[in-house]
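A look at the structure
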Amino acid sequence: MKKFSKLVALGLSLTVGAALAGPADNSVVIGASQEPRLIGGDFLSVISSQSIKVEVEKFLFAPLYATNTESDLVPVLATEVPTVANRRIRVTEVRPGVRRAEIDVTLKEGLKWSDGNNLTTDDVAFYFEVAKTPGMPLPNPDFFDRANVRVRDARNFTLVLEPAFYYDTTVTIGDSGFMAPSHIMRQAWNQVAAQARTLDPKTNAQRLTEIFTGFFQQFGSNQAINAGRMVYSGPFRVTRWVSNNTIDMARNANFTAIVPAGGAANYAQRVQYRIIQNTNSLLVAILGGSIDATSTVALTLDQALSPQLRSRAPGRFNIYAVAGPIWEHIDIAKFPNVERTRQLTLDDPRTRQALLLALNRDAWVQSFFQGAEPVAHSFVAPSNPLFSDAATKYPYNPERARQLLAAVGWRPGSDGILTRNGVRFELELTTTAGNSIRERTQQLFIEQWRQVGIAVKVSNAPSAVVFDSAFINRGSEGKWQMFMFAWVNSLAERGQLFQSRDLNTNTDNIPTAANNFAGQNIGFWKNDEFDRVTSQAAVEFDPERRKQLMARAQAIWAEELPALPLRYRSNPLVIRTGLVNYVNATYSGGNGYIGWNAWEIGWASRGARASIDYSKVSAAREIK
């Protein structure tokens, strides 16, 4: 499945032969524009879920299973991926519409932490004990409300989930370690847990949060890491962390879960994250040759596309634009109680189809992003195995847009703007003020809509305003008509953003006064068949049947078009020529992270063997 749009792929140059040989100490220097608040000790991401934190930890902590460039799970610490076919997943219907999943996991033999202590199911039990403590301020409480673990012996445990959803067998267990070093953290945790038991979570939430965050900081802060208080299960361990400067890592000799071809000695022995928060300075460092590769949190796309960088690329490095899971779109408020919605026929799918047909999105991504970002056609990303290419698409066709608008009853006025029942077709488009890409996009789209008789004016505000619940969740009060922003897509995509009921809570998912404006279906769209098939897909454990259900959901969505899909954002990745297996994809490592395969990153000149062929995982596109 294709994940990349390759921007630059140029041949070797004799002038940089020394650089291609690889560094004498077999190291890799990665440039990043952000620094983690903590590393490792905050294993539940209670304090921080920064992207840079997650990425750095890919080098330090191994998961049970990793998501590769093809969005498939591969075993890392576990012996094999559980499936229904190999009987490591057992699904039972416990009551109508509710299923229990039991997932058997076996750890590989001889696993150790970086200090040489055995890594066992005691570490799994400890992880869940901490996570399920009452009052723990978890970013994903739903999972731990549904999950329990049964330890059978030192290498075998069963994860029990009720209610269970299909993504528990893929996304939930993918890229999750589900373990923490009990031998390092247990003593401190026992003291914290004893203190927490004296407090009622309902009346002491803030105090409990302070207690728990203090515990995690004991093991994850800069001071704790440099004092050697944390141990690691992955291919690397931290040797030094200089705040606002560098994070140095060395090969973990006790990581034996996966041995790359030819032996670990042929691959990178040291990794350094170099923190350069000013991205212009980071670009200078890349051009100067002191950076071997960039983090997924590094340059902006326009910097990666700059002539300055591309002109220096030949023979030195390749530049890729990696399609990410972030979906840029325009949501449309369709609340039937809002008179203006009915007047503008925004509740009619033909009007929404016309709005999209009037936009030349292919020319837009070519002009603004030099083709590095793909046009979106659905709420499901093309790199998601659930994506259906059969759903209706809306290529640029202003004449068809005019026909649809005429069918709804709109007629051109004297100034070319459409009118219907005495109402001019005048819309408001909102986005985040100060976001230059979005604001430039607005102007382009406004002109294209005018060509089919629709007048659109800008109504922008700062992100702190538009993403406040008093705005984004108040479509039913007529706060907005069209809103350009982004959602993060997931391999677990189930149409949650457009369902009228929340699957996990069975409560309203459309924000209105009746539910205190809660829910993610902010534009109001209700389709009974869509709700039904996506709800069925969420508990369907047969992969083919699930794909069929989600294909039907996408067909319904494309016909009704509750939102206008625009593009999938791409992240630039700069890689020095000769560095192999430094690669990411839309969902690799969880959500497009590099480092998910840290054990096999290295220099070809030092004996590292390329296990990933970029040409086979990328849609090659050279920018001249």
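So, how was this worked out
Residues numbered from 1 in each chain as written. Predicted model: local features only at pLDDT ≥ 70, side-chain atom pairs only at ≥ 80, totals over all residues. Heavy atoms only, no water. Buried < 20%, exposed > 50% of the residue type's maximum accessible area, 1.4 Å probe, protein only. Helix = DSSP H or I, 4+ residues; strand = E, 2+ residues; numbered from the N terminus. Arc of directions from axis to C-beta. pLDDT = per-residue confidence, 0-100. Contact = heavy atoms within 4.5 Å. Core = buried A, V, L, I, M, F, W, Y, C linked by side-chain atoms within 4.5 Å. Pairing = 2+ DSSP bridges. Salt bridge = Lys/Arg side-chain N within 4 Å of Asp/Glu carboxyl O. Expected span 1.5 Å × (residues − 1).

1. Concerning helix α13 (residues 361–369)
Since the α-helix packs 3.6 residues into each turn, any two residues three or four apart lie on the same face. Turning to α13, its buried residues number three or more, namely R361, W364, V365, F368 and F369. Angularly, the buried residues of α13 cover 90° about the axis, an arc narrow enough to put them on a single face. In this structure, α13 carries D362 and S367 as exposed residues pointing more than 90 degrees from its buried face. Note on α13: the residue one or two positions beyond its end, Q370, has a positive phi of about 50°.

2. A word on the confidence of the model for the protein chain
On average, residues of the protein chain carry a pLDDT of 90, and 94% of them reach 70 or more. Throughout residues 1–20 the model reports pLDDT below 50, and contacts reaching past four residues in sequence, or to other chains, amount to 71 contacts. Counting interchain partners and residues more than four positions distant, the pLDDT-below-50 stretch residues 618–624 has 20 contacts.

3. Thoughts on the nonpolar core
The nonpolar side chains of soluble globular proteins are, as a tendency, buried together. Of all hydrophobic cores here, the largest spans 94 residues; its most connected members are L44, F59, L64, F216 and Y273. In terms of nonpolar packing, the next biggest core, distinct from the first, is built from 78 residues, L359, M484, F530 and Y587 among them.

4. Looking at the sheet that holds strand β16 (residues 423–424)
Ordered by their spatial adjacency, three strands build an open sheet running β14-β15-β16, and the pairing between neighbours is antiparallel. Since the sheet does not close on itself, it has two edges, and those belong to β14 (411–412) and β16, each with one partner.

5. A closer look at the pattern of salt bridges
Applying the stated rule across the entire model yields 28 salt bridges. With its nearest N and O atoms 2.8 Å apart, the salt bridge here joins R350 to D348. Given a relative accessible area of 32%, R350 falls into the partly exposed group. In this structure, R352 engages E560 in a salt bridge whose closest nitrogen and oxygen atoms are separated by 3.7 Å. Placement of the pair is R352 in helix α12 (residues 349–357) and E560 in helix α19 (residues 543–560), with a sequence separation of 208 residues. With a relative accessible area of 2%, R352 lands in the buried category. The exposure class of E560 is partly exposed, given its relative accessible area of 24%. Among the charged side chains, a network of salt bridges with common partners joins R90, D104 and R152.

6. Here we look at the pairing of strand β13 (residues 317–332)
When you tally the buried positions in β13, you get 15 out of 16 residues, the bulk of the element. Across 12 bridges, β13 lies against strand β20 (residues 563–576) in antiparallel orientation. Of the residues in β20, the one forming a bridge with Y320 is L573. In the sheet, β13 pairs with strand β19 (residues 482–488) via seven bridges, with the strands oriented antiparallel.

7. Brief notes about α19
Along its 18 residues, α19 runs 26 Å from first to last C-alpha, staying within 8% of the 26 Å computed at 1.5 Å per residue. Taken as a whole, α19 has its buried residues at R546, L549, M550, A553, Q554, I556, W557 and A558. Against the buried residues of α19 lie β13, α18 (528–538) and β20.

8. Things to note about unusual backbone geometry
E162 connects to P163 through a cis peptide bond whose omega is -5°. Mapped onto the elements, P163 comes out in the loop between β8 (156–161) and α5 (182–196). The phi dihedral of S45 falls on the positive side, at around 55°, and the residue is not glycine. Here S45 lies in the loop between β2 (27–32) and α2 (51–60). You will see that F524, though not glycine, has its phi angle at about 65°, which is positive. Secondary-structure assignment places F524 in the loop between β19 and α18. By relative accessible area, which is 23% here, F524 ends up partly exposed.

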